[in-house]
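Here are the chains, one letter per residue:
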Amino acid sequence: MDGNGRWAVARGLPRIEGHRAGIDAARRVVEAAPDCGISTLTLFAFSSDNWRRPAEEVASLMRLLEWYLEHETGRAMANGVRLEVIGRRDRLDAALCRAILDAERATAGGERLHLRLAIDYSARDAILAAARGVAEWSREAFERALGPAVDLVIRTGGERRLSDFLLWECAYAELVFSRTMWPDFSAADLAGAVREFHSRERRFGEIPHVAAAPHQAWLD
Ligand code: FPP
């Protein structure tokens, strides 16, 4: 969800107004996701490295996240959205932790979309935690501990990095980079990214089918 700050600064507004507008974009994307065939959507709301931002911006972001959880729960329930927060909770304040638990409990029955919000999240820390917790070191055990493989990553605001986001899960993810600042990201932009995803040939290390055909004919 990159570009909130730049979107606000370009309009002569404080950065937090960009984050506020980013909430509206998140609402549009969450509503459009099921119709695009998306069953699990993870939004990177606050990375463990975002603690390095000025204290004032961190505090505003935390207040906004709490507000989002408190105010979106009703809409999530109505739309069959199951909310889950991934990331560390031990550094979040008590009111935010309470809002997370309340939202997770209230939306637990949602079956249309599994919406994951990454808060104080670092993929490297999640991998380390999984390594400490699993009984055996296998791909399956790590997938169970970390979550399902990611098919598509959309990064807005012109950035072209993974920035410690779902690193294990993204082993074969398709990456779509958009210059659009997150507050301007629309349902049509989401649909466009999904179309781009479907146009890609996903080989998972195999060879393309067209290349395989002559070899097969020769063997016959
Ligand atoms: C990046 O913009 C965005 C974040 C740090 C995440 C915060 C996002 C929101 C509050 C919007 C949606 C939130 C929810 C809970 C769905 P940036 O500050 O890095 O912007 P820049 O790239 O222009 O500097």
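Here, the structure is the one placed above.
Residues numbered from 1 in each chain as written. Predicted model: local features only at pLDDT ≥ 70, side-chain atom pairs only at ≥ 80, totals over all residues. Heavy atoms only, no water.

1. Looking at the sheet that holds strand β2 (residues 81-86)
Reading across the sheet, the three strands line up as β1-β3-β2 and stay open at both edges, with parallel pairing between neighbours. In the strand order of this sheet, the two ends are held by β1 (40-47) and β2, each with one partner. The sheet shows a mean angle of 20° between the axes of neighbouring strands, taken without regard to direction. Sitting on the sheet, helix α2 (residues 15-32) touches β1, β2 and β3 (113-121), and the angle it makes with β1 is about 165°. (Pairing = 2+ DSSP bridges. Helix = DSSP H or I, 4+ residues; strand = E, 2+ residues; numbered from the N terminus. Axes fitted to C-alpha atoms, helices over the stretch in contact; angles between N-to-C directions. Contact = heavy atoms within 4.5 Å.)

2. Observations regarding the site of the ligand
With respect to spatial proximity, 19 residues lie near the ligand, and among them Gly5, Arg6, Arg15, Ala45 and Arg53 are the closest. Glycine 5 places a main-chain nitrogen or oxygen 3.0 Å from an oxygen atom of the ligand. Here an oxygen atom of the ligand and a side-chain polar atom of arginine 53 are 2.7 Å apart. Protein burial of the ligand: of its 620 Å² of free accessible surface, 94% is covered by the chains. Contributions of two or more residues to the shell around the ligand are made by α1 (4-9), α2, β1 and α3 (55-78). (Near = heavy atom within 4 Å. Polar contact = N/O pair within 3.5 Å; in protein donor to acceptor, adjacent residues only side chain to side chain. Areas by Shrake-Rupley, 256 points an atom, 1.4 Å probe, with all protein chains shown as cover.)

3. A few points about helix α7 (residues 187-199)
End to end, α7 covers 19 Å across 13 residues, agreeing with the expected 18 Å (1.5 Å per residue, within 8%). Buried within α7 are the following residues: Leu190, Ala193, Val194 and Phe197. Mapping the buried residues of α7 onto a view down its axis gives an arc of 100°, with all of them on the same face. Opposite its buried face, α7 presents the exposed residues Ala188, Arg195 and Ser199, each directed more than 90 degrees away. If you follow the buried residues of α7, they end up packed against α2, β4 (152-155) and β5 (174-177). (Expected span 1.5 Å × (residues − 1). Buried < 20%, exposed > 50% of the residue type's maximum accessible area, 1.4 Å probe, protein only. Arc of directions from axis to C-beta.)

Remember that the coordinates give geometry; whether it matters functionally is a separate question.
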